[in-house]
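A structural walkthrough
Given next are the chains, with one letter for each unit.
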Amino acid sequence: MPSQRWRSLSKIKWPLIGVVVIGLGILLGYLICSPEMNGLTISILVISAVLLIIVNNPLDGILIWLIFASFIEIWINIPMGAGIPDLTFSRFIIVFVAIFMLARAATGKFQFARIGLTEVCIVAATIGIMMSAPLSVNPRGTIQTSITLRFAPLAMYFFTKNLVRNKEDLHRLLLAGVIFGSAAALYAIYEHTTGNILFLPENVSASDLWVEYSEHLRILRGLLGRSSNFARVLTSSIPITFYLFFEKRSIARKITLVGMLAIQAYGLFLTYNRTSWYALLISLFIIQFFYPRFRKVFFFIVFAVAIVLWATWEQIDESAVVNERVRSEVSTLEGREVRWEAGYNMWRAKPIRGWGFDQYQRESWRFRTDGGQGNIYAIENDYLHLLVASGLIGFLPYLLFILTPLVNSLRLSFKARRPDWSGFIKPETLTIYWGTILSFIIGSFTQIQTQPIVLMLPFALAGAVVGTHEHWLRGPKAKKGLSRPESTQDG
């Protein structure tokens, strides 16, 4: 009887499948059109699709995170109930990539790289920043921000260190950074040209935003929040684009990368952010000393720009950019000294644990040295921001996290030139990392980092370039013991 029933059902299996598919389509359409359920439905669909990608290759999940997080982070959200942090796009990827890495390690298909000082600093910095929550104006918000803005970008180093296994993986990661940088630059060009502001958080109206530097210059406010965030992202992606241009042999790919480079350069110009302009110039100037192939292009670009400036100097000299930004009497440090001195004095008063987040806006008037009596809204220095808010407990591990890969990269640069070197990076690859991390370090002196992607790009590069080769600094036994059985296809 069961066999006969099965044969009867098998004769109508395709109509049954059609009915099920149509029913699911109707249900999905209803849920998406429902104002109460559309956001949750889309979030579940996106997270389910990304889950399938992570199951196939965890590294692909990291690449998707880099490219899409800034566009959809505020929209992809699954509520987890009272007292439990919501499952956002970034948190989902962190959790499930970690789960599948552990699952593969348990089956012998994956082996974690040896834990180093950098990973210890990731945990210590996150805990140190969270310890300031009881002192903060919004304790729960401080914990959530610590996870989203600090732990998630710091964890990017750990993931790329373990998941990038060869040159192909590295180039895929670099290409993801270039794609996002180009997409951000395209958006900057769009917003500057049309005046339309997209990708705003909920309950934020474009009409309420300050969008003008001056009468003639606009501030970018969509997607990444401010022009300075666009500028910091582009100072990270432009050196990477140069590197991929030299590494790719295909003429079509080279032309594509030149186009991306032009878009990113124009997008950086439209940010009107002088700190990032200076940081990129310093970065490229240092790179050309250690990257012979780039040196020729660098001097050609300098020569071409000099010719263009000479030929069009009268128009440039009268432009709003030159008069209102380049020649502005207000320098990149003007007005910040007062903010920084007040922050430094606050930190000296409570150097170990700090004051808690958002206390600077309430207490800074007591520590001003310029005679002013009012509180200062923003400290505009990411290092002082962490010192004041979390003290040395939160700041020192974060600083060590930045400096440790930088020191290791200097040591690796000597080993990479030896005849016995068999790593998948070259000395030139380390040079690009130096340029990117230097731009990030300089940029952090004149603003508080408020967008995770600004930290994610340099930290991902640090893990993929330096973290993957830390075992070369531990001697022959450590190198011999590093066995990674997982194939390229497995990530």
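This one's a predicted model, so the numbers in the text were calculated from it and none came from an experiment.

**Structural notes on the overall build of the chain**
Across its full length, the chain holds 20 helices and 2 strands. Within the span of the chain, comprising 491 residues, buried residues form 47% of the whole. Expressed as a percentage of contacts within the chain between residues at least 6 apart in sequence, the contacts between residues at least 24 apart total 75%. Here the chain has roughly 24300 Å² of accessible surface; of this, 67% comes from carbon and sulfur atoms.

**Quick word on unusual backbone geometry**
Negative phi characterises most residues that are not glycine, and trans characterises most peptide bonds. One non-glycine residue with positive phi stands out, namely Leu 223, at about 65°. Its location among the elements puts Leu 223 in the loop between helix 8 (167-194) and helix 9 (227-247). Positive phi values are uncommon outside glycine, yet Asp 358 reaches one of about 70°. Of note, Asp 358 is situated in the loop between helix 15 (336-349) and helix 16 (360-363).

**Here's the deal with the environment of Phe 245**
Within the secondary structure, Phe 245 sits in helix 9. Residues Phe 245 and Leu 257 lie 12 residues apart in sequence; the distance between their C-alpha atoms is 6.0 Å. Excluding residues within four positions of it along the chain, Phe 245 makes contact with Lys 254, Leu 257 and Val 258.

**Focus on the packing of helix 5 (residues 89-106) against helix 7 (residues 139-163)**
The geometry of helix 5 relative to helix 7 is characterised by a closest axis approach of 10 Å and an angle of 35° between their N-to-C directions. Crossing geometry of helix 5 relative to helix 7 is assigned as left-handed. Along its contact with helix 5, which presents Arg 91, Ile 94, Val 97, Ala 98 and Met 101, the element helix 7 presents Gln 144, Ile 147, Thr 148, Phe 151, Ala 152, Phe 158, Phe 159, Asn 162 and Leu 163. Each residue belonging to the contact of helix 5 with helix 7 can be placed in one class, and the counts come to 10 nonpolar, 3 polar and 1 charged.

**Some details on a nonpolar patch on the surface**
Taken together, the side chains of Ile 74, Trp 75, Tyr 190, Leu 198 and Phe 199 present a nonpolar region at the surface, about 420 Å² in accessible area. Tracing the sequence through the fold places Ile 74 in the loop between helix 4 (58-72) and strand 1 (77-78). Residue classification places Ile 74 among the partly exposed residues on the basis of a relative accessible area of 39%.

**Focus: the confidence of the model for the chain**
Scored by pLDDT, the chain has a mean of 84; 85% of the residues are at 70 or more. Element-level pLDDT for the chain is lowest in helix 20 (residues 476-481), with a mean of 49, against a maximum mean of 95 in helix 19 (residues 452-465). In this model residues 485-491 is a low-confidence stretch, pLDDT under 50, and it forms 23 contacts with partners more than four residues away in sequence or in other chains.

**A closer look at empty space enclosed by the protein**
The final tally for this structure, using the stated rule, is 2 cavities of 30 Å³ or more. In this structure, the largest cavity spans a volume of roughly 60 Å³. Together, Leu 66, Leu 173, Leu 174, Gly 177, Ile 240, Leu 457, Ala 460 and Leu 461 line the largest cavity. Only helix 8 and helix 19 provide two or more residues apiece to the lining of the largest cavity. Residues of the lining of the largest cavity, tallied by class, amount to 7 nonpolar, 1 polar and no charged.

Definitions and cut-offs
- Residues numbered from 1 in each chain as written.
- Predicted model: local features only at pLDDT ≥ 70, side-chain atom pairs only at ≥ 80, totals over all residues.
- Heavy atoms only, no water.
- Helix = DSSP H or I, 4+ residues; strand = E, 2+ residues; numbered from the N terminus.
- Buried < 20%, exposed > 50% of the residue type's maximum accessible area, 1.4 Å probe, protein only.
- Contact = heavy atoms within 4.5 Å.
- Areas by Shrake-Rupley, 256 points an atom, 1.4 Å probe, with all protein chains shown as cover.
- Axes fitted to C-alpha atoms, helices over the stretch in contact; angles between N-to-C directions.
- Left-handed = near helix turned anticlockwise from the far one by under 90°.
- Nonpolar A, V, L, I, M, F, W, Y, C, P; charged D, E, K, R; others polar.
- Patch = residues over 30% accessible without salt bridge, like charges linked within 9 Å, V, L, I, M, F, W, Y side chains within 5 Å.
- Salt bridge = Lys/Arg side-chain N within 4 Å of Asp/Glu carboxyl O.
- pLDDT = per-residue confidence, 0-100.
- 1 Å grid on protein atoms, 1.4 Å probe; cavity = no way out; pocket = protein on both sides within 12 Å on 5 of 7 lines; lining within 4 Å.
- Points joined across faces, edges and corners; volume = space filled by probe spheres on them.

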